[in-house]
Amino acid sequence: MFKLTIAALLAISTSTPALAGQVYSYASQVNDVDSVNSHWIETESGVILVDAQRILPEAERALQHLQATTSKPIIAIFVTHPHTDHYGGLPVWTEAYPAAKVYMTATALRSIREDSRGYNAARAKRHGERFAAQSALDAALANAIIVQDGQSLDIDGTRVTLQEFGPSEAETTLAVSLENNEQVFIGDLINVGVPAVPFESLENWLGQLAEIERLYASFEIYQGHGPAPITADEANEQRTFLTKLRDLVAARIADESLSVAEQDEIVFALEAEWPFYDGVAGNTRREMLAFDAGIVAEQMGAKVDR
Ligand SMILES: [Zn+2]
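Quick summary incoming for the structure in this document. (Residues numbered from 1 in each chain as written. Predicted model: local features only at pLDDT ≥ 70, side-chain atom pairs only at ≥ 80, totals over all residues.)

### Topic: the sheet that holds strand β5 (residues 101-105)
- Spatial strand order, β1-β2-β3-β4-β5-β6: six strands in an open sheet with mixed pairing. Whereas interior strands pair on both sides, the edge strands pair on one side only; in this sheet they are β1 (24-27) and β6 (145-147). The mean angle between the axes of side-by-side strands here comes to 25 degrees, regardless of whether they run parallel or antiparallel.
- Inspection of the sheet shows strand β2 (residues 37-42) paired to strand β3 (residues 47-50) by four bridges, in the antiparallel sense. When the bridges of β3 are listed, I41 appears paired with I48.
- Here helix α2 (residues 56-69) sits on the sheet in contact with β1, β2 and β3, set at roughly 155 degrees to β1.
- Seen against the sheet, helix α5 (residues 106-114) touches β5 and β6 and runs at an angle of roughly 100 degrees to β5. (Pairing = 2+ DSSP bridges. Helix = DSSP H or I, 4+ residues; strand = E, 2+ residues; numbered from the N terminus. Axes fitted to C-alpha atoms, helices over the stretch in contact; angles between N-to-C directions. Contact = placed C-beta atoms within 7 Å.)

Below, the structure written as structure tokens:
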């Protein structure tokens, strides 16, 4: 009969490396801004980080968490999309690991460097020295590597495949997938428990969600906010919300304008269907949904009363 001795068990446990495919996550916790996730995985001799936090103190905190999980150095940092909560903390990571390579799309790099949406300036005004100076961001991006849609990279023995999704929630989003592990880091293309905000294009986003459901049907999906991982079912839920938002707006802009009363009607209808959505970043659910109604009406060419 086969019998496993204590000595044999010990031999197994000491020779077993860290669980392959283990994803570690840190979700920031500060009072005045919403929580954002950083995720990381180990390679043979290093660490791949996805998203860099927003404010500098939280990036420091995330770095401490990472260093508590592994003694390996960060060798690669991916930025999923050019919203400050995903790249603002970059200087903390690149100063701690100057040899780490920073990867993002050309659109994301240009957006952060040029601050084309004014996000950096707005955050600096709001958070003061807790948000990175443009010069510090530029320094962190000095050697950034531009990646392409469909590209695959071998990072220290780990195969990473990249998919670029164009303007939708953000100007662009890079999905970073580990196909061998059926894991993908998706940025904010799927939101759970809060209203989705199509800052750039609701119509594109609907198409992207269909593709996400197809591409990542059996994957663990690691998103930018809230408990991860999720599954592709959540992409479908996101699509349901955005479709409803689009239809509610479309039904009210035959006159090419959206009044305050019409915005209220839309908010009310969405709240009835998603009564437990939270607000985001100090904004109530109602404020978020009204913002959604306005931004989508504008994307459809209507004038919005505010
Ligand atoms: Zn975000």
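So much for the structure itself; the text now carries on.
### A closer look at the pairing of β2
- The element β2 is extensively covered by neighbouring structure, given that six of its six residues are classed as buried.
- A two-sided burial pattern is seen for β2, the buried positions comprising N37, H39 and I41 on one face and S38, W40 and E42 on the other.
- Relative to β2, β1 runs antiparallel, the two sharing four bridges. If you follow Y26 over to β2, its bridge partner there is S38.
- The turn joining β2 and β3, which pair antiparallel and follow one another in sequence, is formed by four residues. (Buried ≥ 20, exposed ≤ 12 C-beta atoms within 10 Å, placed from the backbone.)

### Structural notes on the sheet that holds strand β7 (residues 152-155)
- The five strands lie next to each other as β7-β8-β9-β10-β11, forming an open sheet whose pairing is mixed. What marks the edges here is a single partner per strand, and that holds for β7 and β11 (220-223). In this sheet, neighbouring strand axes are inclined to one another by 25 degrees on average, regardless of whether the strands run parallel or antiparallel.
- Pairing of β7 with strand β8 (residues 158-165) involves four bridges; the strand directions are antiparallel. Note on β8: the bridge partner recorded for D154 is R159.

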